[in-house]
Every structure is written in C-alpha cells, then in structure tokens.
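Letter by letter, the chains look like this.
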Amino acid sequence: MKKNQSSHILSPENYIRQRARNLPLFKCYVNENWSGDGSIAHLTISRKHINGNITFCSYLVDLKCLGIKDTMYQFNMPDFEFDEFVEKMDDNLHLIEIDYNLAHNIIYAGWEFAEEIGFEPHKDFLSITQYMLAEDSDDIPLVEIACGDKEGKPFYIQGPFEDEAMTKMIINRLEKNVGVGNFHFLMAADNFMDDDDWDEEDEEDDDYDDDWDDEDDEEYDWDDEDRI
C-alpha cells in the first residue's frame, strides 16, 4: 500500500481519539430523571460526518458516587440507525434532548466527584470515549451539577449488576478514602435500565467492563468526502 494511502486508514477507536473533536456536534440526549433520587445519567453525545453518518458515544454516569460506570460507542453509522438507537433507548429511559454544555458538565462532574473519593472511570472512557468530548476549558460554560447526597457526601446505591463482592469492595474503599460516617449506602437498588442495553461485568476492581461489540480490530479506509 502506498504511504499516502495508509495514512488515511484509522480504526474506529483511533478515529475517535484523533478526529472526533473536529466533527460538528449533532444531538445530545439524557434521561429526563437524571437529577432525581437515583442520580444516574444515561447520556449520548453524537457528531456528524461530512457524509451524513453519525458517530456517537454513550455514558452511564453515577452522580452520587461511582462516576462513569460504563460507556460505549458506535462509529460512522447511517443516521436512520442512530434514530433507531435513540428510539430504543427512549422506550426505557424517556430521553430528552439537551445542549452539549449540559451534557459535558454532567459527565465531568460525575468523573471528578468519583475520582476525588477513589473511583476511576470505565477504562474505555479513559482510552476512547472521553475524546468525543470537547476539551474541558473555559470555552465550555460552567453548569453546577449536584453530586453525592443533599449534603454532598457520597451515596452509594447498589446497582443491578453489582454483586456482594463488588458491593463490599466499594464500601471498603469508601471507608478507607472518606471515612466511616462520611458516606451513605443503599443495598439492592432497583434496576435503572434493562440488561439488554447496559451489560456491566464485575471482573475487575477498578472499572466496569462492557459487552458491546466495538469491532476493535476492524479498520476503515475513508473516502475523500469524509476526511476532516
């Protein structure tokens, strides 16, 4: 392959890392009760390619304690498939469209709050989907997002995929990092979302693996009209 041709081949992951921020923002969604008692935000941020296709990333953000628990992405998909994805999510979550600034602030607020108390975001967020977000600079207007309980203390609510061992690990970490009496917890929480949409695994201590097929090994050769 010629040198100038190979430079245009990027995997979906590398495209998101290197070029996603240059794509125009399209639509952003969150569940309408994201700031309610559960404070679980299901966010989707999409950007549009010149060819009309959509790349989007979704984020599962626990604003009370754990931060970015899960994330996924879909790359360069036809707009009608993106619409179908949103409709399916809306059936379970009652999505509302929001502006990017609010979506950005929700994600960063959950991320920063969790890190302060010792919880890292999902590994795919750190390696891939954070690059869908604009850089966190003064260009993004600050929106105050409440985290923790009413007093701002961590409030761990056991999720539907967090077994006894995972729950014990989380509580032990809270005791170590913020101290006994400085957080609250609630066991056996109701499911926030159907298993078919967010499949969380508890295989590692510091993150929550996902089962989406990210097609990590597939590469794409872009046509001229879709280059940034």
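### Topic: the packing of aromatic side chains
In this description, an aromatic ring pair is defined by two values, namely the gap between the centres and the angle between the planes.
Right, so step 1: Inspection of every chain in the model, using the stated rule, returns nine aromatic pairs.
Right, so step 2: Note on Tyr29 and Phe82: the rings are 6.5 Å apart at their centroids and 45° apart in plane angle, and the pair reads as tilted. Highlighted residues: Tyr29 in strand S2 (residues 25-31) and Phe82 in helix H3 (residues 79-93), separated in sequence by 53 residues. Comparing Tyr29 with Phe82, the two get one shared label, buried.
Right, so step 3: Relative to Phe125, the ring of Trp111 has its centre 4.8 Å away and its plane inclined at 85°; by these criteria the two rings are edge-to-face. Taken together, the positions of Trp111 in helix H4 (residues 100-116) and Phe125 in helix H5 (residues 123-127) put the pair 14 residues apart, joining distant regions of the chain.
Right, so step 4: A residue is classified by how much of its surface remains accessible, and Trp111, at 12% relative accessible area, is buried.
Right, so step 5: Residue classification places Phe125 among the buried residues on the basis of a relative accessible area of 0%.
Right, so step 6: Three or more aromatic residues link up through ring pairs in this structure, and these residues are Phe26, Tyr29, Phe56, Phe82 and Phe85.

### Structural notes on the pattern of salt bridges
A side chain of one charge can pair with a side chain of the opposite charge if their charged atoms are brought near each other.
Right, so step 1: Evaluation of the coordinates by the stated rule reveals four salt bridges.
Right, so step 2: The salt bridge involving Glu162 is made with Lys69; its shortest N-O contact spans 2.7 Å. One end of the pair, Glu162, is in the loop between strand S7 (155-157) and helix H6 (164-177); the other, Lys69, is in strand S5 (residues 67-77), with 93 residues separating them in the sequence. Considered together, Glu162 and Lys69 belong to a single accessibility category, that of buried residues.
Right, so step 3: Notably, a salt bridge pairs Glu151 with Lys153, separated by 3.6 Å at the nearest N-O pair.

So, how was this worked out
- Residues numbered from 1 in each chain as written.
- Predicted model: local features only at pLDDT ≥ 70, side-chain atom pairs only at ≥ 80, totals over all residues.
- Heavy atoms only, no water.
- Phe/Tyr/Trp six-rings, centres within 6.5 Å; stacked < 30°, edge-to-face > 60°.
- Helix = DSSP H or I, 4+ residues; strand = E, 2+ residues; numbered from the N terminus.
- Buried < 20%, exposed > 50% of the residue type's maximum accessible area, 1.4 Å probe, protein only.
- Salt bridge = Lys/Arg side-chain N within 4 Å of Asp/Glu carboxyl O.

No statement about biological role is implied by the geometric values presented.
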